Amino acid sequence: MTNAKEIAKHLLDIKAVSLSPTAPFTWASGLKSPIYCDNRVTMSYPVVRRQIAQGLAQLIQDTYGEIDVVAGTATAGIPHAAWVAEILDLPMIYIRSSAKKHGKGNQIEGVLHEGQRVVVIEDLISTGGSVLEATDAVENAGGKVLGVAAIFTYELAQSTKQFSAKNMAFTTLTQYSTLIEVARENGVISENELKLLMQWRENPQEWNAL
């Protein structure tokens, strides 16, 4: 089993990812979706979170080479960034969704020096909008963002377009296509449900469950 498949199976086993093609979830945006991902669940499973942290650390080294700082997005990316920073023995920062309204008004917590090479860790990439705002914040503060590393991506076309428009690289431990393949192999979903899940990724705006 490849590492991407192994991580996907972990996410399904601990119910960090739920699949429901015939009774879809509704995202905050109003979009109907046959999948719901909450990677915060991984924090409660030491074996899984350790494998994710080790996988992200290796992924960062293989994809981006030498870096100076590990950054986590608030809030779901923070614990994973902390574990990865520990493995790589590097400084860590985290990025708020917006600057604080009190105190020093920080958006970035921790120490970031001008020109330092940063990789931003996110738990999940859907459209890519929020993590790209985080990379902007780091660059506005003087950091040089080499790219983004995440646990999982829905592989939506919108995210690819947004990252391309920003000329920002991203890499993930596993992805939607792998996860639904693993789900089918393990009897979590039927062939018909697999088709529905594939159709959603191709056209989520117009997708309809059975």
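Basis of the calculations
- Residues numbered from 1 in each chain as written.
- Predicted model: local features only at pLDDT ≥ 70, side-chain atom pairs only at ≥ 80, totals over all residues.
- Heavy atoms only, no water.
- UniProt positions renumbered as here; feature names shortened; annotations may be inferred.
- Axes fitted to C-alpha atoms, helices over the stretch in contact; angles between N-to-C directions.
- Helix = DSSP H or I, 4+ residues; strand = E, 2+ residues; numbered from the N terminus.
- Left-handed = near helix turned anticlockwise from the far one by under 90°.
- Contact = heavy atoms within 4.5 Å.
- Phe/Tyr/Trp six-rings, centres within 6.5 Å; stacked < 30°, edge-to-face > 60°.
- Buried < 20%, exposed > 50% of the residue type's maximum accessible area, 1.4 Å probe, protein only.
- Pairing = 2+ DSSP bridges.
- Core = buried A, V, L, I, M, F, W, Y, C linked by side-chain atoms within 4.5 Å.
- Expected span 1.5 Å × (residues − 1).
- Arc of directions from axis to C-beta.
- Salt bridge = Lys/Arg side-chain N within 4 Å of Asp/Glu carboxyl O.

- Where an unreviewed UniProt entry is consulted, the protein appears under the name Orotate phosphoribosyltransferase, with the organism given as Vagococcus lutrae LBD1.
- Quoted verbatim from the Pathway (unreviewed entry) heading of the UniProt record, the comment on the protein is "Pyrimidine metabolism; UMP biosynthesis via de novo pathway; UMP from orotate: step 1/2."
- According to UniProt, the comment filed for the protein under the heading Cofactor (unreviewed entry) is "Mg(2+)".

**Points about the packing of helix α2 (residues 46-64) against helix α3 (residues 78-88)**
Part 1 of the argument: Closest axis-to-axis distance for the α2/α3 pair is 9 Å, and the angle between their directions is 65°. Here the hand of the crossing between α2 and α3 comes out right-handed. Along the contact surface, α2 presents R49, I52, A53, Q54, L56, A57, I60 and Q61, while α3 presents H80, W83, V84, I87 and L88.

**Digging into the packing of aromatic side chains**
Part 1 of the argument: According to the stated counting rule, one finds seven aromatic pairs in the structure shown.
Part 2 of the argument: Aromatic pair F152 and Y154: ring centres 5.6 Å apart, planes at 85°, arrangement edge-to-face. Exposure class is identical for F152 and Y154. Each is buried.
Part 3 of the argument: Consider the rings of Y154 and W200, whose centres lie 5.9 Å apart with planes at 80°: the pair is edge-to-face. Taken together, the positions of Y154 in the loop between β9 (144-153) and α5 (157-166) and W200 in helix α7 (residues 191-202) put the pair 46 residues apart, joining distant regions of the chain. This pair shows no difference in class: Y154 is buried, exactly as W200 is.
Part 4 of the argument: Feature note: the residues W27, F152, Y154, Y176 and W200 constitute an aromatic cluster, connected by ring pairs.

**Regarding the sheet that holds strand β5 (residues 69-73)**
Part 1 of the argument: If you walk across this open sheet you meet the six strands as β7-β6-β5-β8-β9-β10, and the pairing is mixed. At either end of the open sheet lies a strand with only one pairing partner, and these are β7 (108-109) and β10 (170-175).
Part 2 of the argument: Relative to β9, strand β8 (residues 117-125) is paired through eight bridges, and the arrangement is parallel. Within the sheet, the bridge partner assigned to V119 lies in β9 and is G147.
Part 3 of the argument: Sitting on the sheet, helix α6 (residues 176-185) touches β9 and β10, and the angle it makes with β10 is about 5°.

**Quick notes on α6**
Part 1 of the argument: Here α6 has its buried residues at Y176, T178, L179, I180, V182 and A183.
Part 2 of the argument: On the buried face of α6, the contacting elements are α1 (3-13), β1 (17-19), β4 (35-37), β9, β10 and α7.
Part 3 of the argument: Looking one or two residues beyond α6, the residue adopting positive phi is G187, at roughly 75°.

**Considerations on the nonpolar core**
Part 1 of the argument: F152, Y154 and L179 are the most contacted members of the largest nonpolar core, which totals 46 residues.
Part 2 of the argument: Ranked by residues supplied to this core, first place goes to α2 with eight residues.
Part 3 of the argument: Residues V69, I93, I95 and V118 belong to the second largest nonpolar core, which totals 19 residues.

**Quick word on α7**
Part 1 of the argument: With 12 residues, α7 should cover 16 Å at 1.5 Å per step; its first-to-last C-alpha distance of 17 Å lies within 8% of that length.
Part 2 of the argument: The set of residues buried in α7 consists of L194, L196, L197 and W200. Angularly, the buried residues of α7 cover 160° about the axis, an arc narrow enough to put them on a single face. Away from the buried face of α7 by more than 90 degrees, exposed residues K195 and E202 are located.
Part 3 of the argument: Where α7 is buried, its residues contact β1, β3 (32-33), β4 and α6.

**A closer look at the pattern of salt bridges**
Part 1 of the argument: Taken as a whole, this structure holds 11 salt bridges when the rule is applied.
Part 2 of the argument: Across the pair K9 and D13 runs a salt bridge, and its minimum N-O distance is 2.9 Å. In this pair, K9 and D13 both sit in helix α1, four residues apart, roughly one turn of the helix.
Part 3 of the argument: By relative accessible area, D13 is classed as partly exposed at 48%.
Part 4 of the argument: Of the charged contacts in the structure, one is a salt bridge between D136 and K166, with a shortest N-O distance of 2.7 Å.

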